[in-house]
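Each chain is listed here by its residues.
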Amino acid sequence: MRGLWTTDRVRAAEERVLARVPAGSLMRRAAFGVAVAAVDLLDGRRRVGLLVGAGNNGGDALWAGYYLLRRGIAVSAVLLDPARAHAEGLAAFRRAGGRVVDRLRDVDLVVDGIVGLSGRGPLRPAAAEHVAHLDAPVLAVDSPSGVDPDTGAVDGPAVRADVTVTFGCLKPVHALADCGEVRLVDLGLEPELGGPDLVELDLADVGAAWPVPGRDDDKYTQGVTGVAAGSATYPGAAVLATGSALLATSGMVRYAGAAAEGVRAQWPEAICTGSITDAGRVQSWVVGPGLGTGLGAEDVLRTVLEAGVPVCADADAITMLANNPDLWDARDPDTPVVLTPHDREFERLAGEVGPDRVAAARRAAGKFDAVVLLKGHATVVAAPDGRVLVNRARTSWAATAGSGDVLSGLIGSLLAAGLDPLLAAGCAARVHVLAAELAADGAPIPASALLSAVPDAIRAARREAS
Ligand SMILES: NC(=O)C1=CN([C@@H]2O[C@H](COP(=O)(O)OP(=O)(O)OC[C@H]3O[C@@H](n4cnc5c(N)ncnc54)[C@H](OP(=O)(O)O)[C@@H]3O)[C@@H](O)[C@H]2O)[C@@H](O)CC1
Ligand SMILES: Nc1ncnc2c1ncn2[C@@H]1O[C@H](COP(=O)(O)OP(=O)(O)O)[C@@H](O)[C@H]1O
Ligand SMILES: [K+]
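All residue numbers refer to position in the chain's written sequence, counted from 1. Think of it this way: whatever chain is written first is A, whatever ligand is written first is 1, and the rest follow in order. In keeping with the model being predicted, local features are shown solely for residues with a pLDDT of at least 70 and side-chain atom pairs are shown and tallied solely at 80 or more, while totals for entire chains, interfaces and linings include all residues.

Defined as follows: UniProt positions are given in the numbering used here, feature names are shortened, and annotations may be inferred rather than shown by experiment.
By the naming in an unreviewed UniProt entry, the protein goes by Bifunctional NAD(P)H-hydrate repair enzyme and is assigned to Saccharothrix espanaensis. UniProt lists a comment for the protein under the heading Subunit (unreviewed entry), and it reads "Homotetramer."

Next up, the structure:
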């Protein structure tokens, strides 16, 4: 489990540490870490260019330049705002033989010290101009400049980093945006930070939490998942959601709906019925994928919300809740609900997502007293109590029709097994991403292939945990 802290929390912790350590020592430690990473990336090559902004991020870069110069590496620096360049860092850089230049030329590595924790908005034109012409690998100091450190939002020119060296702790940008490989330099900040603002689950956490049958378990004790999905028009969604529930845990899966025949043909082990009213007892419901939004579908959603078991509401269920908020009245207030919108569904339900996806998911989770899993390359899962899990995909192969149906089945099965709804959604998202990666292995895949890779992904997670 990796914690991530927002910049205001980092600053507060830094202030407390700075009060008891010699001035400049934190910056030099940070810069030394940058220099070590730079040497590693240079792999024997010897020319480094620094892009130096107006604040301490630029100071880090200049001090890193100083350490590199002392190792015999040639370092040149562009000062984007010469009058405000970090004075001690610049003096040390010059003393060690560093050259200040107008433009970086013929370098093997670029160190991005344009802006860090105080960065807001895209790169300003002068900085953007330098970044646009880079052709060497980039090491970002603390965070890639132009990417918002608290939200990961990119709204214009930004640095694309191959490696990011950050200090003290991870910040939201490191989980929400592409920072290349992220390396953390210890500054002794940890004891001053308090609980994290966001958490990223490791595969081992997921493996440890994933339910597996014990000695005394049978098909009922592990939780029965109910799937109310699909329609005559969209039977595929039912097949995928039921299948993923079946592959995720060894408990029973019941399917209720108009796609019963198709589901039965594909999954003989699923207990299928044409109507929700005679579905039998379940410990969770997945509702929505391919269900439609007509009156019959509304009745299904109402029945599921009234059932008093945890519900994963996806796709058409979200649209129905957005169009007809009275449907919420059917829900017993103690029933946990996990909503899994993509951006357009989110907008229907709770307004525009905006650049701060974590804030948006938190807002909706509070509003609906539900866990909200906001889909995307970085998936954000927010609980009504403010806890947030983030899960960034390393590839985008999951961006294929039907892959959301697989995700909802995974969540439903974990809810049936009794996992905390936030953890259920977070674990499902992690396994979903891994299944997509394993299935794709470099080539596009349909959602059914992603589904087939779910057992391999769970196996990999459980191996990490053992
Ligand atoms: N605190 C500590 O103990 C330690 C801190 N450390 C380091 O300090 C860094 C934070 O430094 P910081 O607070 O001085 O600001 P920083 O991020 O360098 O920004 C500088 C100025 O840039 C400008 N600017 C803003 N947006 C911009 C944009 N889009 N494009 C271009 N320019 C933009 C804006 O200036 P403005 O022109 O708006 O006045 C802003 O004030 C932190 O990330 C870490 O690297 C480490 O040494 C470890 C110890
Ligand atoms: N660019 C992307 N990178 C990684 N994963 C993505 C990307 N775009 C979408 N996904 C994932 O793919 C799934 C798509 O779900 P959804 O939009 O509901 O599709 P569908 O309704 O067709 O099943 C989600 O889990 C989402 O997080
Ligand atoms: K930077």
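**Some words on the sheet that holds strand E2 (residues 47-52)**
Our working definition: In this scheme, strands are said to pair when DSSP sees at least two bridges between them. Working definition: helices are DSSP H or I runs of at least four residues, strands are E runs of at least two. Numbering for both runs from the N terminus.
Pairing in this open sheet of seven strands is parallel, and the strands run E4-E3-E2-E5-E6-E7-E8 from one edge to the other. A strand with exactly one partner marks an edge of an open sheet, and here the two such strands are strand E4 (99-100) and strand E8 (181-185). Inspection of the sheet shows strand E3 (residues 74-79) paired to E4 by two bridges, in the parallel sense. Residue pairing for E4: Ala77 is matched across the bridge by Val100.

**Some thoughts on the site of ligand 1**
As a reminder, the rule being used: To decide nearness, the C-beta atom of each residue is placed from the backbone, and the residue is near a molecule or strand if that atom lies within 6 Å of it. Each residue receives one of three labels: charged for Asp, Glu, Lys and Arg, nonpolar for Ala, Val, Leu, Ile, Met, Phe, Trp, Tyr, Cys and Pro, and polar for the others, Gly being one of them.
Ligand 1 sits among 28 residues. The nearest are Gly55, Asn56, Asn57, Gly116 and Ser118. Elements supplying a minimum of two residues to the shell around ligand 1: helix H1 (7-18), helix H2 (25-42) and helix H3 (56-70). Counted by class, the shell around ligand 1 contains 13 nonpolar, ten polar and five charged residues.

**Digging into unusual backbone geometry**
Although it is not a glycine, Asp142 adopts a positive phi angle of roughly 70 degrees. Relative to the assigned elements, Asp142 resides in the loop between strand E6 (138-141) and strand E7 (163-167). Here Asp441, not a glycine, exhibits a phi torsion of approximately 45 degrees, which is positive. Tracing the chain through its elements places Asp441 in the loop between helix H16 (421-440) and helix H17 (447-452).

**Notes on the site of ligand 2**
Residues in contact with ligand 2 amount to 17 residues; listed here are only the nearest, Lys375, His377, Ser396, Ala399 and Gly404. Here the shell around ligand 2 takes four residues from helix H15 (residues 403-416), the largest share from any one element. Looking at the shell around ligand 2 residue by residue, the classes come out as six nonpolar, nine polar and two charged.

**A word on helix H14 (residues 357-368)**
So the rule is basically this: Expected helix span is given by 1.5 Å per residue-to-residue step, counting one fewer step than there are residues. As a rule, residues whose C-beta atom has 12 or fewer other C-beta atoms within 10 Å are exposed, those with 20 or more are buried, and those in between are partly exposed; C-beta atoms are placed from the backbone. Contact criterion: two residues are in contact if their C-beta atoms, reconstructed from the backbone, are within 7 Å.
The end-to-end C-alpha separation of H14 is 17 Å, in line with the 16 Å expected for twelve residues at 1.5 Å each. Taken residue by residue, H14 has Arg357, Val358, Ala360, Ala361, Arg362, Ala364 and Ala365 as its buried positions. Here the buried face of H14 lies against strand E9 (198-200), helix H13 (343-350), strand E16 (371-374), strand E17 (378-382) and strand E18 (388-392). Where H14 terminates, the next one or two residues include Asp369, which has phi positive at roughly 50 degrees.

**Things to note about the UniProt feature "binding site: K(+)" (unreviewed entry) in the protein**
Listed under "binding site: K(+)" (unreviewed entry) in the UniProt record, and renumbered for this structure, are Asn57, Asp112 and Ser145. Across 89 residues in sequence, these annotated residues keep their C-alpha atoms within 9.7 Å of one another, forming a single compact spot. In this fold, Asp112 is placed in strand E5 (residues 109-113). If we ignore the near neighbours within four places in the chain, the residues touching Asp112 are Leu51, Val138, Leu139, Ala140, Val141, Pro144, Ser145, Val159 and Ala161.

**Points about the packing of H2 against H3**
How we decide: Each axis is a line fitted through C-alpha atoms, taken for helices only over the stretch in contact, and angles between the N-to-C directions span 0 to 180 degrees. Throughout, the term roughly parallel applies to angles under 35 degrees, roughly antiparallel to angles over 145, roughly perpendicular to angles from 65 to 115, and oblique to all others. A crossing counts as left-handed when the near helix is turned anticlockwise from the far one by less than a right angle, and as right-handed when that turn is clockwise.
Packing of H2 against H3 leaves a shortest axis separation of 8 Å and a crossing angle of 60 degrees. With respect to each other, H2 and H3 are oriented oblique. Crossing handedness for the pair H2 and H3: right-handed. Residue-level contacts link Met27, Arg28, Ala30, Ala31, Phe32, Val34, Ala35 and Ala38 of H2 to Asn56, Gly59, Asp60, Trp63, Ala64, Tyr67 and Leu68 of H3. By residue class, the composition of the contact of H2 with H3 is eleven nonpolar, two polar and two charged.

**A word on the domain arrangement of the protein**
Cut-off, in case you're wondering: Residue ranges assigned to the domains are those given by an automatic or database domain assignment.
Taken domain by domain, the protein consists of domain 1 (2-198) and domain 2 (203-465). Distance from the C-alpha centre of domain 1 to the C-alpha centre of domain 2: 40 Å. Contacts between domain 1 and domain 2 engage eight residues on the former and eight residues on the latter. The residue makeup of the side of domain 1 that touches domain 2, split by class, is five nonpolar, two polar and one charged.

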